[in-house]
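Chain and residue survey
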Amino acid sequence: MAAMSNVRSHDDTWDIATSVGSTAVMVAAARAKETDSPNPLIRDPYARLLVAGAGTGMWENFLDDSMQERISGADPQAAAVFANMLSYQAVRTHFFDSFFTAAVAGGIRQVVILASGLDSRAYRLAWPEGTVVFEIDQPKVLEYKSATLAEHGAVPTADRREVAIDLRQDWPAALRAAGFDPARPTAWLAEGLLMYLPAEAQDRLFEQITELSAPGSRVSAEAVRHTAEEQRARMRERWEKMSDDLGIERTVDIADLTYNDPERADVTEWLNGHGWSATGTVSTDEMQRLDRWIEITDEDYQGGFSTFVVAERN
Ligand code: SAM
């Protein structure tokens, strides 16, 4: 039996400020921080206002300009990890923005963003005329995003359609009901999602994507691997000590929300075995390529955060 958190259950729900919903605010905060930095790798003009409307939470630490320095004072290795964590979000956004740019350049006009959270690509990317972008997430998350952006006069740059459903339910039916056409090639994205699904739910998700993907479709995903429990415990201890030293209140521990499932399939391998041609890019390599990686001596942090997978349907 996998050692997993007891915080989650198979049918749990959340809003933007709680449980898995709050992770959407954290990554949006990292995008806001990057957008406001001197040489931003990506620009997300909506991230800051989406974070601002979500109330108070752990994400405020990301926006706090003094944080980096304060962590450096307490633990220089942890400071490097913190800087890498923020850079990772920028590099990840950059990678999947490029995925979509290439997909539409290749003629794809149907896009599905799974677990879209506070992703603002449907509002900020230059989609060609006639592109339909479906966003799937839990109802309260989608509701919060569209209401907040509408309040600020933001208008989608594509035909944006919300599919408010949990991905553990019959989302393909809901997607079709929203106008999705399985006969057209589709570009799919699973970013910041797979770690919140148990192994079998991840397999099921890719089976469903495969069933709905016409030839020429593309899929991209942020794939995570299993981390030894002892390593997770050491990393958790390190963060707990650091946040105690700095007086940071810990309202949520992301590790409690994720499924560190030893049975989880390697996404690149899975796709290559199920009708796709897939390649994986280790996140650390991509971060180094973009000159956004700080070397860390601590072995627990050597493995990188994830693998960015891109595949095309055979
Ligand atoms: N993809 C977005 C991004 O990168 O900005 C959001 C990532 S956020 C870390 C995780 C998102 O996954 C949240 O918006 C959450 O609501 C969504 N999510 C996780 N599990 C889900 C599920 N079973 N069904 C629908 N949405 C889910």
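Please refer to the structure placed before this passage.
Residues numbered from 1 in each chain as written. Predicted model: local features only at pLDDT ≥ 70, side-chain atom pairs only at ≥ 80, totals over all residues. Heavy atoms only, no water.

**Concerning the site of the ligand**
The immediate surroundings of the ligand are formed by 22 residues, with W14, R92, A115, D137 and E191 found nearest. One nitrogen or oxygen atom from the side chain of R168 is found 3.5 Å from a nitrogen atom belonging to the ligand. When the free accessible area of the ligand is taken as 590 Å², the share hidden by the protein chains comes to 99%. The greatest single-element share of the shell around the ligand, amounting to five residues, is contributed by helix α1 (residues 19-35). Residues belonging to the shell around the ligand are distributed by class as follows: eleven nonpolar, five polar and six charged. (Near = heavy atom within 4 Å. Polar contact = N/O pair within 3.5 Å; in protein donor to acceptor, adjacent residues only side chain to side chain. Areas by Shrake-Rupley, 256 points an atom, 1.4 Å probe, with all protein chains shown as cover. Helix = DSSP H or I, 4+ residues; strand = E, 2+ residues; numbered from the N terminus. Nonpolar A, V, L, I, M, F, W, Y, C, P; charged D, E, K, R; others polar.)

**Concerning the pattern of salt bridges**
For side chains of opposite charge, pairing can occur when their charged atoms come near one another. Scanning the model with the defined rule gives 23 salt bridges in all. A salt bridge links D64 to R70; the shortest N-O distance between them is 3.5 Å. Accessibility expressed as a relative area gives 26% for D64, which makes it partly exposed. Its salt-bridge partner being R121, residue D119 comes within 2.6 Å of it at the nearest N-O pair. Residue R121 is classed as buried on the basis of its relative accessible area, which comes to 1%. The network of salt bridges with common partners includes R92, D97, D119, R121, R124, E191 and E222. (Salt bridge = Lys/Arg side-chain N within 4 Å of Asp/Glu carboxyl O. Buried < 20%, exposed > 50% of the residue type's maximum accessible area, 1.4 Å probe, protein only.)

**A few points about unusual backbone geometry**
Among all residues except glycine, the phi angle is most often negative; among peptide bonds, the trans geometry is most common. The residue S19 is not glycine, and still its phi comes out positive at about 40°. Residue position: S19 is located in helix α1. Positive phi outside glycine occurs at A115, with the angle close to 55°. In this fold, A115 is placed in the loop between β1 (110-114) and α6 (121-124). Taking the relative accessible area as the measure of exposure, A115 reaches 18% and is therefore buried.

**Describing the pairing of strand β4 (residues 186-190)**
Here β4 lies mainly inside the structure; five of its five residues are buried. Burial of the side chains of β4 extends over both faces: T186, W188 and A190 are buried on one face and A187 and L189 on the other. Two elements, β1 and β4, share five bridges in a ladder whose sense is parallel. Within β4, the residue paired with L114 across the bridge is A190. Here β4 pairs with strand β5 (residues 218-223) via four bridges, running parallel. Its bridge partner being in β5, A190 is matched across the sheet by A221. What joins β4 to β5 is helix α9 (residues 199-211), and the crossover it makes is right-handed. (Pairing = 2+ DSSP bridges. Right-handed = clockwise from strand over helix to strand, strands pointing away.)

**Section: empty space enclosed by the protein**
One pass over the full model with this rule turns up one cavity of 30 Å³ or more. Along its surface, the largest cavity is lined by R31, D44, T93, D119, S120, R121, R124 and E191. In terms of residue class, the lining of the largest cavity is built from no nonpolar, two polar and six charged. (1 Å grid on protein atoms, 1.4 Å probe; cavity = no way out; pocket = protein on both sides within 12 Å on 5 of 7 lines; lining within 4 Å. Points joined across faces, edges and corners; volume = space filled by probe spheres on them.)

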